[in-house]
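# A structural walkthrough
Listed here are the chains, written in short residue letters.
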Amino acid sequence: MSASSPDWSQLREDPSPVSSLVESLLAGISDIIKSVVCIQVDKETFTEIGCYFYRASAIIMELHINWNTPTNTVEILQSMSRRVDMAKNFTMNLEKNTQKIQDTEVKNIVQQLEEVVKSIGENLSLIPLSVYRDQEYAEKAAKSLSKDMKDVSFAVSPSRQLELKEKLTSKEASREERKQIETDLYSINVDVSAESLWLSDETKSYLTDIQERPRILDKHDSKSLSAGSSLTALPQLAQYMEPLYETFFCPLTKRIMDDPVTVESGVTYERTAITEWFDKFADPEEIVCPKSGQKLKSRILSTNVALKATIDEWKERNEAARIKVARAALSLASTENMVLEAIDDLRNVCKNKPHNKVQVRSIGMIPLLANFLDYRSRNVRYFTVELLRQLAEDDEEGKEIIAKTVDVSTMIKMLSSSHKPVRHASASLLLELSRSQIFCHKIGRVAGCILMLITVKYRQSFDAFTSEKADQILKNLERVADNIKLMAENGYWEPLLSHLVEGSEEMRMEMASYLGEIVLGPDSKTYVAERASPALIQMVHSGSSLSRNAAFKALKQISCYHPNAKILVEAGILQIMVEEMFTRTSHKEPMNSKNEAATILANILESGLEVENFQVNTHGHTMASDYVIYNIVTKIKNSTQDELNIILIRILLCLIKFPKGSGTVVSVLKETEASYNLIELINTPNEELGVALIKLLITLSAFMGHTLSDRLCKTKGQPESLIQNPTEITRITKKHAVSANFLAKLPHQNLTLNLALVNSNTIPTVIRSISQIQMTGTRSSRHASAYFEGLVGILVRLTTTLYDHQILFTARNYNFVSVLTELLTRSFTDEVQKLSAIGLENLSKQSISLSRPPQRQKTKILKLFFFRKCISIKLSKDETFLLCPIHGGVCSSQDTFCLLDAEAVERLLVCLDHENVDVIEAALSALSTLLDDKVNVDKSISLLSEKHAIRHVLNVVKEHKEEALWQKAFWMIEKFLIKGGDESASNISSDKLFPATLVSAFHHGDDCTRRMAERILRHLNKMPDLSSTLTFTK
């Protein structure tokens, strides 16, 4: 390659013909800006005027830079120069005569300056588009500025002038004030002069390069730059906040040098640029200096230390000035473009030199930026978030300041933005901030933030990037234990469970404590139990006192969900809990581990899991063994803690349900005579304990009811203390209900208990309470229904021992038949109706023995009159007795318990249409007493037929399949067929579905049902009578 190959001559300076005009204009604008800054009247207006001149300087620089300046450029510049000179004269005159000038003169000057600005706007609109070549952005900036200047309108505030005049006392004060002023609307540096705006070719190239750098606005989007933009040239102007020198620029790159080196010719270049220049020459002897053309004998490059230091110092000052410019622009924020360009310049400043982030923070930029997170434009929000992220990167102090300043909830909301860049930017910023301990604490205190992050984490299909960032953020937030708790509360359990299993002892204890406090959701209960149970059981077995306490609480929480019982048992919890209850002793622990262990064990047993034969220790004892039950019963006898007794009773209630457990519990209670202790504890002031005890006694009554009845009667104050009439129905408690039911469930035939109830004057209380509830209803209290059932049950139990004269007297005295009949059709529970029917059955059975013929006097003539229900016997003219057609004597509902007299038959028939099988069965049994062989069956059938009883009975057979119902119904139907004659047979035969039901019962019923069905089928001639068949013999 020859020396002449590189066109190095083109690199030399080639002055533009318009340079002198441009330099004159820039110098004039510089003087205007100096004066504007120092004018002390109506400062805002004159600052705005200075801004327009400042912005116009960028367009003038563009004309200076361009090598293909159009022919009319000189005329345009000359016109602008005249107007700039006018403005310069106005502003300098006003600066010098601030104290003397009047308000009217100020207003006049402002109006003239307004005309000057408008004229310059007209001049700018005349610049041909060819000036800007392919720089569309510069073209739009010029158009925007031209429109703003042509539409300008300045206002004057005379009051401000008067205030300032009072403050200014001398010219020295004015000068001092001038020195202190640093920025105006666009942070104009008062030191900018014509000399600082003097540009060489290299300077022009540098400015051109800056204008061509990538912008945050789309150059092809005409909407991104409105005609009203007010700061389109901010980044370019900001580059020249500090004076530039020609020596800063590399002759080759036209850029400010980063690593200036000097070659043999004495010219300084950028190291990389001159090295590339040297590489173009194949022959080292042909290398020439690109600027001077001098041949270079040596390729040695010497670092220009002094120049490098000067450039670095200049960059530092310039970048500081640019930061101030951007801050001023953001404070004003008059347009979206102004904000975007200021943010973009800050990003570039911080990118070039990370230390600049410190300066950005120090001038209070972060609170200002935080305000733009709610800006209406999503572009502004996006670039604000990006700048904040840049300020937070690799800067702990920056992270902390931003974490303290920004509104976390606003950042979190951006994660759900419909604009993907905003989502991604906010996720990246949150990830940076989450590396700060302050932010980790702060985010947990803002409601809903962690829930939102969890939601985003699981929306991977919607936005994988944001989902991944959210996951990383949550991992960083785990450094604060409270955040882990919040994650768990919002359904994200993995962090808590991981720390519980793998964390330090202190962390495991804290996680276990949280687990005991958090209410588990339905979707997480089983998952948490599977993950946490082994670790928690290990903590109970071998942890410190505090760890054990936390683990117990967590296990108690987990065991409350019954499906978790199997998981806990498989993890070995039964052995540990039994050991805690019966063998382990510790007096130093702040909590009672026996109570906690008993509660967990009770929760597991109440789940219904079959653990009867599960081994609980190394000696081979099972859960239902004598060892376990004996220890529980012993603790109940000896314990003074009501809370523990309640839990132990819960365990016993569960063990009784097991086949082996029930026998073992009864055996141990009898051997230890613990039943006395249980009865004595009934009157404990602790109502919860009393309720638990009575529930246990109700369950035991099925196994040792007579023993409990006898011991209850031998206990002082019993049984009358179990029945207390509440002062108000609304105050019926659970203990009232279970106490009444306990008395109702004990063996009904126990005469000792029945007499104790009668003799203790308990029955009047029962009758009175029943009457009150009948009037108010059972909805008055949540326990009223159960209490009512118990009261009715107590009356019914007395009907089983009517052979005792005291009990018989009580039944008559309180008219049991009338009370129970009334209860049959009232809107009470099924249990009440069933019990009432049973009581009526028991009472009706006594009617035949209690019914007696009337006492006849010898002188009287007996006259009989038959009525529908009974026979009227007239003994004398004034004496008439009604005889019961069924029982054959004088009957009444109160004295002989006659169902016919009490009109109970109709109500019992209604009960046959009931849905509850038990109610139907009890009603059938009560009606069957009217067809007993001891009564007049013919009369009974006649009366029942009139009430269409057979239709109700047939419906029972057809609608229900229970053997017990079939047998009772078949018995009654057979009675009708035998005693009711052709009419009854016809009524039964007319039911077309009944024969099919009989056949089904004959095929599928038990032996008793089959025999009864067979007999009825013969009566209906549906089956041959084999007993009348001839027998043939040989």
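Summarised in this report is the structure supplied together with it. Everything quoted here is computed from the prediction, not taken from an experiment. (Residues numbered from 1 in each chain as written. Predicted model: local features only at pLDDT ≥ 70, side-chain atom pairs only at ≥ 80, totals over all residues. Heavy atoms only, no water.)

### What about the overall build of the chain?
- In terms of regular secondary structure, the chain is built from 50 helices and 6 strands.
- Scored against the burial criterion, the 1034 residues of the chain give a buried share of 53%.
- Considering only intrachain contacts with a sequence separation of at least 6, the fraction spanning at least 24 residues in the chain is 72%.
- Roughly 47,500 Å² of accessible area belongs to the chain as shown, and the carbon and sulfur atoms make up 49% of that amount. (Helix = DSSP H or I, 4+ residues; strand = E, 2+ residues; numbered from the N terminus. Buried < 20%, exposed > 50% of the residue type's maximum accessible area, 1.4 Å probe, protein only. Contact = heavy atoms within 4.5 Å. Areas by Shrake-Rupley, 256 points an atom, 1.4 Å probe, with all protein chains shown as cover.)

### Structural notes on helix H47 (residues 963-979)
- The first and last C-alpha atoms of H47 sit 24 Å apart over 17 residues, in line with the 24 Å expected at 1.5 Å per residue.
- Within the span of H47, buried status applies to Leu965, Trp966, Ala969, Phe970, Met972, Ile973, Glu974, Lys975, Phe976 and Leu977.
- For H47, the secondary structure elements touched by its buried residues are helix H44 (917-928), helix H45 (937-946), helix H46 (949-959), helix H48 (981-989), helix H49 (994-1004) and helix H50 (1007-1019).
- Among the residues trailing H47, glycine 981 stands out with phi positive, at a value near 75 degrees. (Expected span 1.5 Å × (residues − 1).)

### Description of the packing of helix H20 (residues 449-457) against helix H21 (residues 464-477)
- One can describe the packing of H20 onto H21 by two numbers: an axis separation of 8 Å at closest approach and a directional angle of 135 degrees. One element, H20, and the other, H21, form an angle in the oblique class. When you trace H20 past H21, the crossing you get is left-handed. Residues Ile450, Leu453, Ile454, Val456 and Lys457 of H20 touch H21, and the partners they reach there are Thr466, Ser467, Ala470, Asp471, Ile473, Leu474 and Leu477.
- When its residues are assigned to classes, the contact of H20 with H21 shows 8 nonpolar, 2 polar and 2 charged. (Axes fitted to C-alpha atoms, helices over the stretch in contact; angles between N-to-C directions. Parallel < 35°, antiparallel > 145°, perpendicular 65-115°, else oblique. Left-handed = near helix turned anticlockwise from the far one by under 90°. Nonpolar A, V, L, I, M, F, W, Y, C, P; charged D, E, K, R; others polar.)

### Notes on helix H41 (residues 830-845)
- For H41, spanning 16 residues, the distance from its first C-alpha to its last is 23 Å, which sits close to the expected 22 Å at 1.5 Å a residue.
- What H41 keeps buried is the set Val832, Gln833, Leu835, Ser836, Ala837, Gly839, Leu840, Glu841, Asn842, Leu843 and Ser844.
- On the buried face of H41, the contacting elements are helix H38 (784-798), helix H40 (816-825), helix H42 (847-850), helix H43 (905-911) and H44.

### Notes on the sheet that holds strand E1 (residues 260-262)
- Taken in spatial order, the 3 strands line up as E2-E1-E3 in an open sheet, and their pairing is antiparallel. Every other strand in the sheet has two partners, leaving strand E2 (268-270) and strand E3 (302-303) as the edge strands with one partner each.
- Its contacts with the sheet place helix H10 (residues 271-279) against E1, E2 and E3, and it is angled at close to 95 degrees to E2. (Pairing = 2+ DSSP bridges.)

### Describing the pattern of salt bridges
- By the definition in use, this model includes 32 salt bridges.
- Its salt-bridge partner being aspartate 259, residue arginine 271 comes within 2.7 Å of it at the nearest N-O pair. In this pair, arginine 271 sits in helix H10 while aspartate 259 sits in the loop between helix H9 (234-238) and E1, placing the two residues 12 residues apart along the sequence.
- With relative accessibility at 29%, the residue arginine 271 sits in the partly exposed group.
- Classification of aspartate 259 by relative accessible area gives partly exposed; the value is 23%.
- Among the ionic pairs, aspartate 312 bridges to lysine 308, the shortest N-O distance being 3.3 Å. Within this pair, aspartate 312 and its partner lysine 308 are both found in helix H11 (residues 305-332), separated by 4 residues, close to a single helical turn.
- Judged by its relative accessible area of 33%, aspartate 312 is partly exposed.
- With a relative accessible area of 29%, lysine 308 lands in the partly exposed category. (Salt bridge = Lys/Arg side-chain N within 4 Å of Asp/Glu carboxyl O.)

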